[in-house]
Amino acid sequence: MNSYMGYVRKDGSVGSRNHVAIIPSVVCANEVAESIVQNTIQTQGIIHHQGCCQTPPDLERITDCLIKVGENPNVGASLIVSLGCEGVDTDRLEQALIATGKPVERINIQELGGTSAAIQAGIDKAQELVLKISGYQRTEVDLSTFVMGIKCGASDTTSGVASNPVIGYVADKIVDLGGTVIFGETTEFIGAEHILQRRAKNDFVASEIGRIVDEMEARAKAIGVDMRKGQPTPGNIEGGLSTIEEKSLGAIVKSGTKTIEGVIGYTEKPSGKGLWIKDSPGREIELLSGMAVGGAQVILFSTGRGAPQGFPVVPVIKICGNPITYDRMSRDMDVNAGKIVTGERSIEEVGEEVFQMLLEVASGKTSKGEAIKYTKSMDFYCLGPVI
Amino acid sequence: MSEKIRAIKNHDNDNVATLFGTATSGDIVTILDKAGKGFPLTVLQDIPYGHKIALIEIAVGQQITKYGEEIGIATIPIALGEHVHIQNIDSIRGRGDWDKEGAAK
């Protein structure tokens, strides 16, 4: 079965969830946004720490990111919570979200007379939005509409050999079925960028891969850090990694084997189907947010040590390559890929298990993290300083 | 002598596999491919958990392949069943010491 049950949006994108996003346009509106979320169902707070006293490019970047999160197909409606004097262009944010055809409301804390008044007004607005969208029905859609994000974190020796290859298997399958896969973590390409470049669709895409790696390195060098030097680390070598190529390939293997269609910026969505690279750092909160900004409906997340993160509006499926970690943290880990290293299951068998779970989660089944509300790991990746 | 120790071969073209277990010289380990098919291999020397074992004889300068891609080259001859690590392979990336400029210094 190569279909799933999703919420078809007006622009043709398909949601695996139907949340009301409560979007503070600036960090100063987080308290109000959180209170609204606590007092309503079906709402998720887009709680970030940006939006003011930043460089103009970063303010534009945050505005773009908030727009794209509101556009994410897992969001059925949005409530913008504005302080009133923020640096983010809240008018542009509101206009862009109205253009999606989804219900949008906006409140202004300063105009409403402060925190408690804004919380009350916000709960009323959120309630109206929930009533508007809660009756939406799922319909059966083809997997070619599917957009998947991928990530690895808290990795160990098993990640490169068990859980990342499992994600690679699923990524190849989604691409073969006409869907879209986004992978990122530019910092982890270092040492194996030449191998990724061989998979590029054309010379331009290959040069773009080189460019984003060079830029990420240059940013580190600008503060006196050489990310390439001393890789692999003594701990990596003790664990069995011999070269930087091996270390980087262990991370890249989760992208599968398909052609790389293009490189997109942190605030961008893929402009077509297939496998795409998103220029992004490796840290969970910024990477997961980048995937949501890119339109991901579900994120597959590989771990060995046990990374528990989850995003507000996008379900994250945890695939654990280490059987000991899985036993210890089975309430956080959705799939036990540790069976690969114990010889009980093959990479292909666990890959099929994950693929089936992906269809179920895309169709509405909750991930373990969602069920216990581990869904707040987010922030946006900025380039400039706070000023 | 433990066939219970397993090693994962990630790609059909790989000439190394990653061991999940601590093997001692003379142990017979099971090499598993992506589909879960296994074959036995005798370990030539002690190999720690998470380290690599050679699946064929590898000559000096020959590519070490994992995930179907190169992870380095052999710096000394490597025998079947031998531990493959920094003592017998080296990166071919970021080698400033190989650059003409570097050599001139």
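Residues numbered from 1 in each chain as written. Chains lettered and ligands numbered in written order. Predicted model: local features only at pLDDT ≥ 70, side-chain atom pairs only at ≥ 80, totals over all residues. Heavy atoms only, no water.

Along its length, chain A carries 15 helices and 14 strands. Taken against the 2.2 N^0.38 rule, which gives 21 Å for 387 residues, the C-alpha radius of gyration of chain A at 21 Å falls within 12% of a compact globule. Here the C-alpha coordinates of chain A stretch approximately 60 × 50 × 40 Å along the principal axes. Looking at chain A as a whole, 62% of its 387 residues are labelled buried. Contacts in chain A between residues at least 24 apart in sequence constitute 72% of all its contacts with a sequence separation of at least 6. For chain A, the accessible surface area stands at approximately 14,500 Å², while carbon and sulfur atoms represent 52% of it. Seen as two clouds, the 38 positive and the 48 negative side-chain charges of chain A have centres 2 Å apart. (Helix = DSSP H or I, 4+ residues; strand = E, 2+ residues; numbered from the N terminus. Rg over C-alpha atoms; globule rule 2.2 N^0.38 Å. Buried < 20%, exposed > 50% of the residue type's maximum accessible area, 1.4 Å probe, protein only. Contact = heavy atoms within 4.5 Å. Areas by Shrake-Rupley, 256 points an atom, 1.4 Å probe, with all protein chains shown as cover. Lys, Arg positive; Asp, Glu negative; His and termini not counted. Charge placed at Lys NZ, Arg CZ, Asp CG, Glu CD.)

Residue and element names in this part refer to chain A. Along helix α3 (residues 90-99), the positions that sit buried rather than exposed are T90, L93, E94, A96 and L97. Along α3, the residues classed as buried sweep out an arc of 165° about the axis, all on the same side. Pointing more than 90 degrees away from the buried face of α3 are the exposed residues Q95 and A99. Those residues of α3 that are buried are in contact with β3 (19-24), α2 (56-71), β5 (75-82) and β6 (104-108). Note on α3: the residue one or two positions beyond its end, G101, has a positive phi of about 85°. (Arc of directions from axis to C-beta.)

To continue, consider the environment of A206(A). Residue and element names in this part refer to chain A. The residue A206 is located in helix α8 (residues 203-222) in this model. Separated by 32 residues in sequence, A206 and I174 have C-alpha atoms that sit 22 Å apart. Once residues within four sequence positions are removed from consideration, A206 is found in contact with Q197 and A200.

Attention now goes to the domain arrangement of chain A. Residues and elements named next belong to chain A. Per the domain assignment, the segments of chain A are domain 1 (19-133) and domain 2 (142-371). Relative to domain 2, the C-alpha centre of domain 1 lies at a distance of 29 Å. Counting residues at the interface gives 14 residues for domain 1, matched by 13 residues for domain 2. Buried surface at the junction of domain 1 and domain 2, summed over both partners, amounts to about 1,200 Å²; 61% is from carbon and sulfur atoms. At the junction of domain 1 and domain 2, the tally comes to one salt bridge. Run the count over domain 1 and domain 2 and you get six residue pairs in polar contact (both at pLDDT 80 or more). Every element with two or more residues in the side of domain 1 that touches domain 2 is listed here: β4 (43-45) and α2. (Domains from an automatic or database assignment. Buried area = accessible area lost by both parts, 1.4 Å probe. Salt bridge = Lys/Arg side-chain N within 4 Å of Asp/Glu carboxyl O. Polar contact = N/O pair within 3.5 Å; in protein donor to acceptor, adjacent residues only side chain to side chain.)

Residues and elements named next belong to chain A. Tracing the backbone through its elements, the reader meets R211 in helix α8. Accessibility expressed as a relative area gives 34% for R211, which makes it partly exposed. C-alpha of R211 to C-alpha of G282: the two residues are 71 residues apart in sequence and 17 Å apart in space.

So, about the packing of α2(A) against α3(A). Residues and elements named next belong to chain A. At a closest axis distance of 9 Å, the pairing of α2 and α3 adopts a crossing angle of 25°. By the angle class used here, α2 and α3 are roughly parallel. Here α2 runs over α3; the crossing is right-handed. Of the residues in α3, those touching α2 at E60, T63, D64, L66, I67, G70 and E71 are R92, L93, A96 and L97. Grouping the constituent residues of the contact of α2 with α3 by class yields five nonpolar, two polar and four charged. (Axes fitted to C-alpha atoms, helices over the stretch in contact; angles between N-to-C directions. Parallel < 35°, antiparallel > 145°, perpendicular 65-115°, else oblique. Left-handed = near helix turned anticlockwise from the far one by under 90°. Nonpolar A, V, L, I, M, F, W, Y, C, P; charged D, E, K, R; others polar.)

Here we come to the interface of chain A and chain B. Opposite the 31 residues of chain A that make contact, chain B presents 27 residues. Both faces combined, the contact of chain A with chain B buries some 2,400 Å², and carbon together with sulfur accounts for 58% of it. Taken together, the links from chain A to chain B amount to four salt bridges. Note that K52(B) and E246(A) form a salt bridge whose closest N and O atoms lie 2.8 Å from each other. The tally of links from chain A across to chain B stands at 20 residue pairs in polar contact (both at pLDDT 80 or more). Within the residue set of the side of chain A that touches chain B, elements represented by two or more residues are α6 (157-176), α7 (193-198), α9 (234-239), α10 (244-252), α13 (338-341) and α14 (347-362) of chain A.

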